[in-house]
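# Breakdown of the fold
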Amino acid sequence: MELYILDKSRTLAGIVESFEYLRWTRRYHACGVFELKAIATAENIALLRVGNYLWKNDDEECGIIEYLELTIRDKETIVVRGRFATSILARRILWGTEILSGSAGANVGSLLNRHLISPDDPDRCIDYIDYIDRTTALPIQMQASYRNLMDVIFNICETHDAGLRTVYNPVTKRFTVDFYKAGASSAVFSQEYENLNEQSYLESNSAFANTALIAGEGEGSGRMLEAILSGTGEERREIFVDAKDLREEDFTEDYPGALLFRGRSKLAELMPVQAFDAAVNPHGNLRYKVDYDVGQTVTVISQKCGVILHARITEIEESYDVSGQSLNIVFGKGVLTLLQRLKGAL
């Protein structure tokens, strides 16, 4: 593996010759992040500048350096952190109200075109971005106003269990935003199979809901109501979703569908959580990026916990240091996401 630094025009500026560690975290429906600690040689200081790109030659994505810290103690070190190139989307907001209806993939493309790739205002244009939709049959019916572009698109991803990544092409120096739905893998992870070194397991239904009453326009008994019903007795958990911001005139006959989509999006945030956070043996029987990859659905078995989990790989952290490569994988909803939601529920 080699670490290339690209300047702001995405032209090769040099190679990071020596570093202490690299943490490279790939995520399925969130923006990836990285952290690099290197020896503060004159060459590294010149290369590792805020705004430059960090690209691993064995990966399709690259990161943008957003933070730099130079420390002079016993030895001089430089630490840089940042997010993957998908974070370029976070530089734009929805410049008005967007009514999204039909295919999720087509609407994600329309959002990118109108606010990033070919907007009416040429000052908003970023001309080295392309888009590809590799999903099928993902319906969408929603409205969004003045929100951050990346946040809206990742909300769509989470609702549909879809992924988003930004692929770098070193020949054309262009980025392609890739909206995709990862498939299933036959990979099985278990300490008994000697491909897990350690693991932690989390389970929570403290915020779980399966029934939603969604209220749209109107006042009092005249409000437009739709409902998503599931469960009976003590297994039924209800929430109220205020969707008064959705206007019937914007959707006409599709207004009930817009209310239901808002309800499904909210319920998707409140699903029961089962998550494994595991250190994977990179020298086990499964090969990274061959037998499994971020976004794929795999099987995790924990005999001690008495759990068999069929879960999507939502995050893979690659770590590189003097001891070599290590992998930490989140199966299911991430630990941070769970803790954030528990905090919000208490």
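Owing to the predicted nature of the structure, the values given are computational and were not obtained by experimental measurement.

### Notes on unusual backbone geometry
Despite not being glycine, R10 shows a phi value in the positive range, around 65 degrees. For R10, the position within the fold is in the loop between β1 (3-6) and β2 (12-15). Residue class for R10 comes out buried when judged on its relative accessible area of 13%. Non-glycine residue K289 carries a positive phi angle of around 70 degrees. You can see K289 is positioned in the loop between β18 (273-280) and β19 (297-302). With a relative accessible area of 33%, K289 lands in the partly exposed category.

### Here's the deal with the sheet that holds strand β9 (residues 129-134)
Ordered in space as β9-β12-β11, the three strands form an open sheet in which the pairing is mixed. The open sheet has two edge strands, β9 and β11 (163-169), and neither has a second partner. Averaged over all pairs of adjacent strands, the angle between their axes in this sheet comes to 25 degrees, without regard to strand direction. As judged from the six bridges shared by β9 and strand β12 (residues 174-180), these two strands associate in the parallel manner. Looking at β12, one finds that D133 is bridged to F179. Sitting on the sheet, helix α2 (residues 104-117) touches β9 and β12, and the angle it makes with β9 is about 170 degrees. Together, β11 and β12 form the strand contacts of helix α3 (residues 149-160), whose direction differs from that of β11 by roughly 125 degrees.

### Quick look at the packing of aromatic side chains
By the definition in use, this model includes 12 aromatic pairs. Ring geometry for Y53 against F175: centres 5.6 Å apart, planes inclined by 40 degrees, an arrangement best described as tilted. Here Y53 is found in strand β5 (residues 53-56), whereas its partner F175 is found in strand β12, with 122 residues between them in sequence. Accessibility expressed as a relative area gives 0% for F175, which makes it buried. Judged by centre distance (5.4 Å) and plane angle (50 degrees), the ring pair of Y168 and F175 falls under tilted. Given a relative accessible area of 6%, Y168 falls into the buried group.

### Topic: helix α5 (residues 255-269)
Every α-helix winds through 3.6 residues per turn, so residues three or four apart in the chain are directed the same way. Compared with an ideal rise of 1.5 Å per residue, which puts 15 residues at 21 Å, α5 spans 22 Å between its outermost C-alpha atoms and is within 8% of the ideal. Looking at the buried positions of α5, the neighbouring elements they touch are β10 (139-145), α3, β15 (211-215), β16 (225-228), β17 (238-242) and α4 (248-251).

### Some points on the confidence of the model for the protein
Per-residue pLDDT for the protein has a mean of 90; in total, 96% of the residues score no lower than 70. Across residues 335-346, confidence stays below pLDDT 50; counting only partners more than four residues off in sequence or on other chains, it has 11 contacts.

### Comments concerning the pattern of salt bridges
Counting across every chain of the model gives 25 salt bridges. Salt-bridge contacts for E35 lead to R81; the nearest nitrogen and oxygen are separated by 2.5 Å. Of the two residues, E35 is situated in strand β4 (residues 33-39) and R81 in strand β7 (residues 76-84); the sequence distance between them amounts to 46 residues. You can call R81 partly exposed: its relative accessible area is 32%. R247 is the partner of D250 in a salt bridge, and the nearest nitrogen-oxygen pair spans 3.0 Å. Classification of D250 by relative accessible area gives partly exposed; the value is 23%. Because the salt bridges share partners, they merge into one network encompassing R26, D59, K289 and D293.

Cut-offs applied
- Residues numbered from 1 in each chain as written.
- Predicted model: local features only at pLDDT ≥ 70, side-chain atom pairs only at ≥ 80, totals over all residues.
- Heavy atoms only, no water.
- Helix = DSSP H or I, 4+ residues; strand = E, 2+ residues; numbered from the N terminus.
- Buried < 20%, exposed > 50% of the residue type's maximum accessible area, 1.4 Å probe, protein only.
- Pairing = 2+ DSSP bridges.
- Axes fitted to C-alpha atoms, helices over the stretch in contact; angles between N-to-C directions.
- Contact = heavy atoms within 4.5 Å.
- Phe/Tyr/Trp six-rings, centres within 6.5 Å; stacked < 30°, edge-to-face > 60°.
- Expected span 1.5 Å × (residues − 1).
- pLDDT = per-residue confidence, 0-100.
- Salt bridge = Lys/Arg side-chain N within 4 Å of Asp/Glu carboxyl O.

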